[in-house]
Amino acid sequence: MTEQFCEVGKLRAELLQNLGAVGETVTNVLTLIEKVMQKIIHSLAKKEAPVLELNTRSSWSNTRFDKSVGLLMSSDTTVTTIRSDCPSSVHKFGENLFVVEKIYFNSRNLFVTQRNLDLIVDDISCMLRVPRRSLHVLATSKGFISGDLCYLEADGTRVECSSSSTTVPVSSNVSGITNIVSSAKFVLVVEKDATFQRLLDDEFCTRLHPCIIITGKGVPDVNSRLMVRKLWETLHIPVFALVDADPHGIEIMCIYKYGSVSMAFEAPSLTIPCILWMGLLPSDIERLEVPQDALIPLTKNDESKLIGLRKRPYISCQPTWEREMDIMLKCKQKAEIQCLASIAPHFLTRVYLPNKLHYGGWI
């Protein structure tokens with residue numbers, strides 16, 4: 001088994017050599033909230049309508065790219081003004097102010113949906129320039145994790161992830177996790193829950209022991225991203241991505257690696273710039289002679305998305321990724337990870353991934 005992870009070991013040594021310290025600024029959240037409230041009070045004292053200025057989190061123009069971190073929020077971001085004297089925004093002003101005041105969620109009656117509440121909390125975090133967890137607001141996780149890992153939750157509960165057939169939900173309080181114990185050689189980030197379950201069914205974590213697998217079940221939630229980041233910061237082992245060979249899969253991998261526009265203000269604690277693309281590579285499709293009927297034609301939307309991805313600032317730093325995306329555009333085909341089952345039922349877990357790990361088949 002030592003020989004199996006020879007290339008993974010070399011990669012880890014290289015990553016440790018290049019490891020840089022990216023610290024997180026600790027800020028007094030109460031002081032920041034007091035400043036917001038003082039501005040509102042001053043406006044009222046001057047008999048002016050109070051406003052809230054929220055950083056615009058949906059614009060690429062408000063981000064900058066740092067190769068060592070990912071997408072960061074620019075210092076000169078544009079803002080959206082939420083007025084208290086405008087009929088179209090007064091309700092949103094009230095919602096945001098309510099969350100600032102009731103940051104520990106004493107009531108939810110004002111909100112129509114949980115998603116609406118989450119968006120407001122993220123806006124407030126961005127306005128204050130602090131991570132969401134600094135507001136003591138915890139979101140429910142959707143991700144799962146399994147493998148050679150145990151740790152303590154903030155409440156002292158011991159979590160054991162080593163069962164070969166069951167999964168553990170990703171913690172909703174990742175920052176509170178302590179006493180992480182693992183001898184894993186690598187972390188495999190899996191795009192889809194179905195693929196993750198397939199790995200469990202085939203006892204991947206036993207066959208390729210010791211390792212850790214985790215999924216955010218599609219577009220990852222913040223807790224899944226925080227968990228992958230925490231594993232990297234604690235264990236300093238290689239992190240690989242297993243995604244579909246399609247534009248959606250590539251974009252999800254980029255979120256883990258470089259972050260997203262809407263959460264750029266939290267990039268230093270969310271991104272994993274060292275993550276590598278294990279598969280499914282577009283070049284693998286031809287190399288492995290995947291049957292044609294297992295492939296899917298690219299749609300016009302797929303092509304537009306792929307072209308858009310090619311223009312993102314971080315892709316130019318990844319020439320091997322660019323080549324893979326060009327192969328997809330040229331062939332006008334995409335493939336899901338499940339297509340490997342058309343070669344052999346257990347090809348993914350018993351041939352494809354073991355060979356990738358043994359020979360260093362990542363980019």
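Predicted, not measured: the structure shown is a model, and the values here were computed from it.

> I'd love a proper account of the overall build of the protein, names of residues and values included.
Tallying secondary structure elements over the protein gives 13 helices and 15 strands in all. Principal-axis analysis of the C-alpha atoms places the extent of the protein at approximately 70 × 50 × 40 Å. Within the protein, the proportion of its 363 residues that are buried is 50%. A separation threshold of at least 6 residues defines the contact pool for the protein, and within that pool the share at least 24 residues apart is 75%. Treating the 40 positive side-chain charges of the protein as one cloud and the 40 negative ones as another, the clouds have centres 4 Å apart.

> Tell me about the packing of helix H2 (residues 29–45) against helix H3 (residues 90–101), residues and numbers included.
At a minimum axis separation of 11 Å, H2 and H3 run at an interaxial angle of 135°. If you check the angle between H2 and H3, you find them oblique. Of the two possible hands of crossing, H2 and H3 adopt the one that is left-handed. Facing H2, whose interface residues are Ile 33, Met 37 and Ile 40, H3 presents Phe 93, Leu 97 and Val 100. Across the contact of H2 with H3, the residue classes tally to six nonpolar, no polar and no charged.

> Which residues make up the pattern of salt bridges, and what values do they have?
Summed over the entire model, instances satisfying the criterion amount to 14 salt bridges. Its salt-bridge partner being Glu 251, residue Lys 305 comes within 2.8 Å of it at the nearest N-O pair. With Lys 305 in helix H11 (residues 300–310) and Glu 251 in helix H8 (residues 247–258), the pair connects residues that are 54 residues apart, well separated along the chain. Accessibility expressed as a relative area gives 30% for Lys 305, which makes it partly exposed. Look at Glu 251 and you get buried, because its relative accessible area is 17%. The closest approach of N and O atoms between Glu 322 and Arg 310, which form a salt bridge, is 3.0 Å. Of this pair, Glu 322 sits in helix H12 (residues 319–331) while Arg 310 sits in helix H11, and the two are 12 residues apart along the sequence. By sharing partners, the salt bridges in this structure join Lys 192, Asp 244 and Glu 336 into a single network.

> Residues and numbers for the sheet that holds strand E8 (residues 168–169), please.
The pairing of strands in a sheet happens through backbone hydrogen bonds and is either parallel or antiparallel. Judged by pairing direction, the sheet is mixed, and its six strands sit side by side in the order E8-E5-E11-E10-E12-E13 without closing on themselves. The open sheet has two edge strands, E8 and strand E13 (276–279), and neither has a second partner. The pairing of strand E10 (residues 187–190) with strand E11 (residues 212–215) spans four bridges and is parallel. Across the sheet, Leu 188 pairs through a bridge with Ile 213, a residue of E11.

What counts and what doesn't
- Residues numbered from 1 in each chain as written.
- Predicted model: local features only at pLDDT ≥ 70, side-chain atom pairs only at ≥ 80, totals over all residues.
- Heavy atoms only, no water.
- Helix = DSSP H or I, 4+ residues; strand = E, 2+ residues; numbered from the N terminus.
- Buried < 20%, exposed > 50% of the residue type's maximum accessible area, 1.4 Å probe, protein only.
- Contact = heavy atoms within 4.5 Å.
- Lys, Arg positive; Asp, Glu negative; His and termini not counted.
- Charge placed at Lys NZ, Arg CZ, Asp CG, Glu CD.
- Axes fitted to C-alpha atoms, helices over the stretch in contact; angles between N-to-C directions.
- Parallel < 35°, antiparallel > 145°, perpendicular 65-115°, else oblique.
- Left-handed = near helix turned anticlockwise from the far one by under 90°.
- Nonpolar A, V, L, I, M, F, W, Y, C, P; charged D, E, K, R; others polar.
- Salt bridge = Lys/Arg side-chain N within 4 Å of Asp/Glu carboxyl O.
- Pairing = 2+ DSSP bridges.

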